[in-house]
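Fold and contact review
Letter by letter, the chains look like this.
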Amino acid sequence: MSKQILIVILVIILVILLMPLKLQIIRNNEYDKKGKRKNDINLYFFNLLSLRFDLDEFINKISKVKEKNIYIILNQLKNNIKFIKKHKRYIKTFLKIVPVKKVTILYETKNPIIGVGCWNTIYIMKNIMNDLFENVNNEYYNVQMLDNVNTNIKFEFVCTIRVFYFIYAFIINIIKKLRKGSVFYGKPSNKRFISNFNG
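Once a new chain begins, its residue numbering starts again from 1 and follows that chain's sequence as written. Local features are withheld for residues below a pLDDT of 70 in this predicted model, meaning they are given only at 70 or higher, and side-chain atom pairs are given and counted only at 80 or more; totals for whole chains, interfaces and linings count all residues. The basis for every side-chain value is the complete set of heavy atoms in the structure, and neither hydrogens nor water enter the calculation.

As a further point, take the layout of surface pockets. Taken as a whole, the second largest pocket spans an internal volume of roughly 660 Å³. Using protein atoms alone on a 1 Å grid, points that fit a 1.4 Å probe yet trap it form a cavity, whereas open point sets bounded by protein on both sides within 12 Å along at least five of seven lines form a pocket; residues with an atom within 4 Å of a point count as lining. Around the second largest pocket, the lining is made up of 23 residues, and of these Leu 23, Ile 25, Leu 95, Phe 133 and Phe 157 lie nearest the centre. Only DSSP runs of H or I covering at least 4 residues are called helices, and only runs of E covering at least 2 are called strands; the numbering of each starts at the N terminus. It is strand E6 (residues 152-161) that provides the largest number of residues to the lining of the second largest pocket, a total of 6 residues. Side-chain classes follow a simple rule in which Ala, Val, Leu, Ile, Met, Phe, Trp, Tyr, Cys and Pro form the nonpolar group, Asp, Glu, Lys and Arg form the charged group, and the remainder, Gly included, forms the polar group. When the residues that make up the lining of the second largest pocket are grouped by side-chain class, the tally is 21 nonpolar, 1 polar and 1 charged. Grid points are joined across faces, edges and corners, and a volume is the space filled by probe spheres set on the points.

Within this document, salt bridges are pairs made up of a side-chain nitrogen of Lys or Arg and a carboxyl oxygen of Asp or Glu, the two lying within 4 Å of each other. Evaluated as defined, the whole model comprises 4 salt bridges. As a salt-bridge pair, Glu 108 and Lys 154 come within 3.0 Å of each other at their nearest N and O atoms. Within this pair, whereas Glu 108 is found in strand E4 (residues 100-109), its partner Lys 154 is found in strand E6, the two being separated by 46 residues in sequence. By relative accessible area, which is 16% here, Lys 154 ends up buried. Among the ionic pairs, Lys 126 bridges to Glu 139, the shortest N-O distance being 3.3 Å. Remark: Glu 139 occurs in strand E5 (residues 139-145) and Lys 126 occurs in helix H5 (residues 112-132); sequence separation between them is 13 residues. Exposure classes here rest on a 1.4 Å probe applied to the protein chains alone. A residue is buried below 20% of its type maximum, exposed above 50%, and partly exposed in between.

A few words on H5. In a helix, the anticipated span is given by 1.5 Å times the number of residues less one. A rise of 1.5 Å per residue sets the reference length of H5, with its 21 residues, at 30 Å; its end C-alpha atoms lie 30 Å apart and thus fit the reference within 8%. Of all the positions in H5, only Gly 115, Cys 118, Ile 122 and Met 129 are classed as buried. Buried residues of H5, viewed axially, fall in a sector of 50°; they line one side. Seen from the buried face of H5, the exposed residues on the opposite side, beyond 90 degrees, are Ile 113, Val 116 and Tyr 123. Contacts from the buried residues of H5 go to E4, E5 and E6. Whenever a nitrogen or oxygen atom comes within 3.5 Å of another N or O atom, the pair is scored as a polar contact, on the condition that within protein one atom can donate a hydrogen and the other can accept it, and that pairs from neighbouring residues in sequence are kept only if both atoms are in side chains. If you check the start of H5, you find a side-chain oxygen 2.9 Å away from the backbone N of Ile 113, and it comes from Asn 111. By arc we mean the arc of the directions from the helix axis to the C-beta atoms, nothing more. Residues count as neighbours in contact if any of their non-hydrogen atoms are within 4.5 Å of one another.

Below, the structure written as structure tokens:
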């Protein structure tokens, strides 16, 4: 294999690792064919070419079950919770390095009491966002009091992810586990040393 081919392969690998992917989770005034408000999860591969991948439709197709009863839904929820618990440290490390470009949460309601509850949920969600993500930009939170409107929420979440982030988070977690193991095994000898020194 010539050096030129190796260089081309390396360049392709670097492009794949460092290529920014824009993830957008949005709920606005658009409705689907059934008349329900749309919740879209979009993945944009190239900003210049505007290549869009409808992630939520893809997930719905591959996870489509003919008989969606309560037991199947609860089982799926249980498996998701197990997965998050198992990989909690990895997920937290990954999210810390993901830059958030935009966060919008907008409630619409006509009930003042519900409006107060909406502000409380906004406060909670804002704290969760700042806890999970290190770099959060362009935040907008509001509750609009409108006449003749049912309580509704609009939101938009945009972040940039790269394949490199997954690898980086994996390496960081391995290093943390190795350090934790060395500290754990070092504790007993330190305690014995201190007790002998004191008495």
